[in-house]
Each structure stands twice: as C-alpha cells, then as structure tokens.
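Summary of structural features
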Amino acid sequence: MEELLQLEKDLSFISFDHEDAYHLGQMLVDKVNTQNLKPLRIRIVLNHDIVFQYLMNGKNGEEWLNRKQKTVEMFEYSSYYIWTCQETNHQYDKYLDDDSMAICGGGFPLIVNDEIIGCCIVSGLQHDQDHQIIVDCLKELKRKKEDL
C-alpha cells in the first residue's frame, strides 16, 4: 500500500492545466489504439470541471466514471489504493453497497504542489489495468513536461 501512496507523490506535477488534460486524454486513447486494448471511457476533471471526456466506440454511460470520480474526490487517494486497503483491512466495508462509489481501480488523483486539483478516470478494462494505463500515461506526460 505504501508503494501506491508513493506512486501518487511521484506522479504529482508542478503545474497541470486544461492543455495537459487534453494531452493526457489523447495519450490514453493512443495507448488503447496502439496496444489493441478494449475501448475505454475516459474522464479528466480539474477543479470539479470535466475538461476532457471521451467514450470510445462501443462505450456508453457515465456511471462508472461518476463512481470512480466520487471515490477519488471523497478519499483523496487513487481508487486502486482504496481497493487495496479494503482488501487488506476492510476499512471501506460500509461503501461496498453504495452505488455512488467504486471500490476498484481506475481513478487517480491529479496532484499539483501537494494539492489534489482533480482526477483522471478510466473504465473499461479490468480494474487493475484501468489503474495501470493511467499510471503509464501520467509517467509519460510527466517525462514530457520535465523535458520542456
């Protein structure tokens, strides 16, 4: 679990704006296409505004995006971290039957200067793969921003 918390710190940014959200969203779409993955629902939220959302062909509905977003916003950790805590010590039992929450991977906080300013949400793969594709794309985006 500590590794997941460290990952959130490692994938924080000095700045992150709407243009960055667009690039992150495009990276997610490109990764799905180049790796022939199943279609995804993608949402990026900054300061409670949806600044990027794309439902790939064959995807509809926003329920899982909403649920994962609420989980990240409520607990201020990745939804995969919340799932891991639940699996380890059952501390989120009371949320398992809450249809507005998602105790599974696929939601990741966007952190700027130690403050959560939004989140990236992905739904459509297995929940650990949803988490990993976000992590991979955030790593790539951070590398590109640092190279500027």
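The rules behind the values
Residues numbered from 1 in each chain as written. Predicted model: local features only at pLDDT ≥ 70, side-chain atom pairs only at ≥ 80, totals over all residues. Heavy atoms only, no water. 1 Å grid on protein atoms, 1.4 Å probe; cavity = no way out; pocket = protein on both sides within 12 Å on 5 of 7 lines; lining within 4 Å. Points joined across faces, edges and corners; volume = space filled by probe spheres on them. Helix = DSSP H or I, 4+ residues; strand = E, 2+ residues; numbered from the N terminus. Core = buried A, V, L, I, M, F, W, Y, C linked by side-chain atoms within 4.5 Å. Buried < 20%, exposed > 50% of the residue type's maximum accessible area, 1.4 Å probe, protein only. Contact = heavy atoms within 4.5 Å.

1. Description of the layout of surface pockets
Vacant regions in the atomic arrangement are exposed by a probe of water-molecule size rolled over the atoms. Here the largest pocket is characterised by a volume of approximately 160 Å³. As for the largest pocket, its lining consists of Leu 5, Glu 8, Lys 9, Ser 12, Glu 76, Tyr 77, Ile 111, Asp 114, Glu 115 and Ile 116. Of all elements in the fold, only α1 (2-10) and β4 (115-123) reach the threshold of two or more residues within the lining of the largest pocket. At three residues, α1 tops the list of elements feeding residues into the lining of the largest pocket.

2. Things to note about the nonpolar core
Residues Phe 16, Leu 24, Leu 28, Leu 40, Leu 110 and Leu 138 are the most contacted members of the largest nonpolar core, which totals 29 residues. Mapped onto this core, the elements with two or more residues apiece are α2 (18-34), β1 (41-46), β3 (107-112), β4 and α5 (127-147). Ignoring anything within four residues of it in the chain, the contact list for Leu 110 reads Phe 16, Leu 24, Ile 44, Val 45, Leu 46, Glu 115, Ile 116, Ile 117, Gly 118, Cys 119, Cys 120 and Leu 138. The next biggest cluster of nonpolar side chains, apart from the first, holds 11 residues, and it includes Phe 75, Tyr 80, Cys 85 and Met 101.

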